[in-house]
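Descriptive analysis of the structure
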There are 2 protein chains.
Amino acid sequence: MKKVDLRQKVLSENEKIAIANRERFAEAGTFVLNLVSSPGSGKTRLIEETVKALKDDYRIFVVTGDLMTENDAERIGRHGVEAVQISTGEACHLDARMVDEKLLKRKASAYDLIVIENVGNLVCPASFDLGEDLKVLLVAVGEGDDKPVKYPPMVRASEVLVITKTDLMPYTDSDPDVIEENALRIKPDMTVFKTSSKTGEGLEQWIDWLRSQLTAKKPKPHKP
Amino acid sequence: MKKVDLRQKVLSENEKIAIANRERFAEAGTFVLNLVSSPGSGKTRLIEETVKALKDDYRIFVVTGDLMTENDAERIGRHGVEAVQISTGEACHLDARMVDEKLLKRKASAYDLIVIENVGNLVCPASFDLGEDLKVLLVAVGEGDDKPVKYPPMVRASEVLVITKTDLMPYTDSDPDVIEENALRIKPDMTVFKTSSKTGEGLEQWIDWLRSQLTAKKPKPHKP
């Protein structure tokens, strides 16, 4: 009698496509980030700063998700990198198929870095793997320092925490150290950055770390 | 042959319960608000200010929804009103049944005002009627003035817009008038308030309006 491993995971349709995406990215040596946060935590702004810092050294492609509007892709496209919008209609998250379809006409290998800006939502995107290397969670100063405790599935799903808008500290009752502690209580091995896209605080550390990740994934970038 | 009206709406389970909730509230003369926003827009804080201003004149009950933690109900309970938490687990919204169950043991008629704080989310709560009188959408200064344009279903579902954190105006590139314009483009008849729970700006208008709504629903409150 053959033994069947009951623990064997039955993969959802999304997981299957996410795995295929991940394989394609790995083959191409493309590093892929999936940015998640509340609406208004500064995802688009952080991507703009990231693009400005890295576009001369790396080939970057940005995918932005939103219910409606092309605002974010337009904002990012102004910096001279390719940016496309995915309108999710009523869906509160991107899924692996949407990302796959946006990449069908493009070869993943044409890019060193793909940044996916998910729909602003602290619940739904936690459950949908897109095939990214890392999920980056943004929490803004002033949003409520207990946000990581209130949305633990999203914290557990993310490898990196970027605390944004540190420039607002003097005007709010918010303390980035408390946000960090709350997140690390749920996921102790998170990599944490404290940044302000307005003053530039902490962006150098974020960019340096990104460069090291890019080098680890593909030692020699294509772009001169 | 009998004519069947194909436009007749088939009610979902949630809609049926929401209608029952609404009937119960109407019979009791209880005014019910459903507060929706991004995580961190200041729903709990606005409820605290509202409770402080009205608790001597009205019997208030607060229901707060969150994935985890009882933080919000505890915060509000400190002001001497009844507050209960609904933990939604992984669900990104409250539904009519959850509200119904939290009220089963309490008679709606025991309260003049019920404030429901929904899960922080600009997508999911738009689709779930709880039986409230009005949905109140909060958008904070600094969250991105284009939020109403990016989340039109939530704007369309809401009768009232409270722009919060106006004290942060000098430190952000945000303009409450632009938030208002963006919302009114989608839903021209919204009632709009511009408030800061920190400085107190605009709270008097919000409270006065609430009093007028309470009086309209039940001319003589029970509380002395």
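As shown above, the structure is provided for reference.
Conventions and cut-offs
- The residue count restarts for each chain, going from 1 along the sequence in the order it is written.
- As a convention, the first chain written is A and the first ligand written is 1, with the rest following in written order.
- Owing to the predicted nature of the model, reporting of local features is limited to residues with pLDDT of at least 70; listing and counting of side-chain atom pairs is limited to 80 or more, with chain, interface and lining totals taken over all residues.
- Each side-chain value is worked out from all heavy atoms of the structure, with water and hydrogens disregarded.
- In this description, contact between two residues means that some pair of their heavy atoms is separated by no more than 4.5 Å.
- Here the buried area means the combined drop in accessible surface, using a 1.4 Å probe, for two parts upon being joined, counting both sides.
- We define a salt bridge as a contact between a side-chain nitrogen of Lys or Arg and a carboxyl oxygen of Asp or Glu at a distance within 4 Å.
- Pairing of N or O atoms within 3.5 Å defines a polar contact, subject to two protein rules: one partner must be a possible hydrogen donor and the other a possible acceptor, and residues neighboring in sequence count only if both atoms are side-chain atoms.
- Working definition: helices are DSSP H or I runs of at least four residues, strands are E runs of at least two. Numbering for both runs from the N terminus.
- Residues are sorted three ways: Asp, Glu, Lys and Arg are charged, Ala, Val, Leu, Ile, Met, Phe, Trp, Tyr, Cys and Pro are nonpolar, and all the rest, Gly among them, are polar.
- To define axes, lines are fitted to C-alpha atoms, for helices over the stretch in contact only, and angles between the resulting N-to-C directions are given on a 0 to 180 degree scale.
- A crossing counts as left-handed when the near helix is turned anticlockwise from the far one by less than a right angle, and as right-handed when that turn is clockwise.
- Burial status follows relative accessibility: with a 1.4 Å probe on protein chains alone, a residue under 20% of its type maximum counts as buried, one over 50% as exposed, and anything between as partly exposed.
- In this scheme, strands are said to pair when DSSP sees at least two bridges between them.

Thoughts on the interface of chain B and chain A
- Contacts between the two partners involve 35 residues from chain B, matched on the other side by 35 residues from chain A.
- Between chain B and chain A, roughly 2,700 Å² of surface is buried when both sides are summed, and carbon and sulfur atoms account for 56% of that area.
- Three residues stand out in chain B for area buried against chain A, namely Pro39, Lys150 and Tyr171 of chain B, and they jointly supply 23% of the buried area on that side.
- Taken together, the connections running from chain B to chain A amount to 6 salt bridges.
- Asp173 of chain B is paired through a salt bridge with Lys198 of chain A; the nearest N and O atoms lie 3.9 Å apart.
- Run the count over chain B and chain A and you get 11 residue pairs in polar contact (both at pLDDT 80 or more).
- Of all the secondary-structure elements, those providing two or more residues to the side of chain B that touches chain A are helix H3 (71–77), helix H5 (147–150) and helix H6 (152–157) of chain B.
- With 3 residues, the top contributor of residues to the side of chain B that touches chain A is H5 of chain B.
- Residues that form the side of chain B that touches chain A fall into these classes: 15 nonpolar, 8 polar and 12 charged.

Focus: the packing of helix H2 (residues 43–54) of chain B against helix H8 (residues 203–217) of chain B
All names here are of chain B.
- The N-to-C vectors of H2 and H8 enclose an angle of 65°; their axes lie 11 Å apart at closest approach. Handedness of the H2/H8 crossing: right-handed. Residues Leu46, Glu49, Thr50, Ala53 and Leu54 of H2 form the contact with H8, whose participating residues are Leu203, Trp206, Ile207, Leu210, Arg211 and Leu214.
- When the residues that make up the contact of H2 with H8 are grouped by side-chain class, the tally is 8 nonpolar, 1 polar and 2 charged.

What about the pattern of salt bridges?
- As enumerated under the stated definition, the model contains 36 salt bridges over all chains in all.
- Note that Arg45 of chain B and Glu49 of chain B form a salt bridge whose closest N and O atoms lie 3.5 Å from each other. With Arg45 of chain B and Glu49 of chain B both in helix H2, this residue pair falls 4 residues apart, about one helical turn.
- The exposure class of Arg45 of chain B is partly exposed, given its relative accessible area of 29%.
- Looking at Glu49 of chain B, the relative accessible area reads 16%, which means it is buried.
- If you follow the salt bridges from partner to partner, you end up with Asp66 and Asp72 of chain A together with Asp146, Lys147 and Lys150 of chain B in one network.

With respect to the sheet that holds strand E3 (residues 82–87) of chain B
All names here are of chain B.
- With respect to topology, 7 strands assemble into an open sheet ordered E3-E2-E4-E1-E5-E6-E7, the strand pairing being parallel. If you trace the sheet from one side to the other, it starts and ends with E3 and strand E7 (191–194), each paired once. The mean inter-strand angle of the sheet, taken between neighbouring strand axes irrespective of direction, is 20°.
- Strand direction decides the pairing type here: strand E6 (residues 160–164) and E7, joined by 4 bridges, are parallel. Bridge pairing links Leu161 to Val192 in E7.
- In this fold H8 packs onto strand E1 (31–37), strand E4 (113–117), strand E5 (134–140), E6 and E7, with an angle of close to 140° to the strand it touches most, E1.

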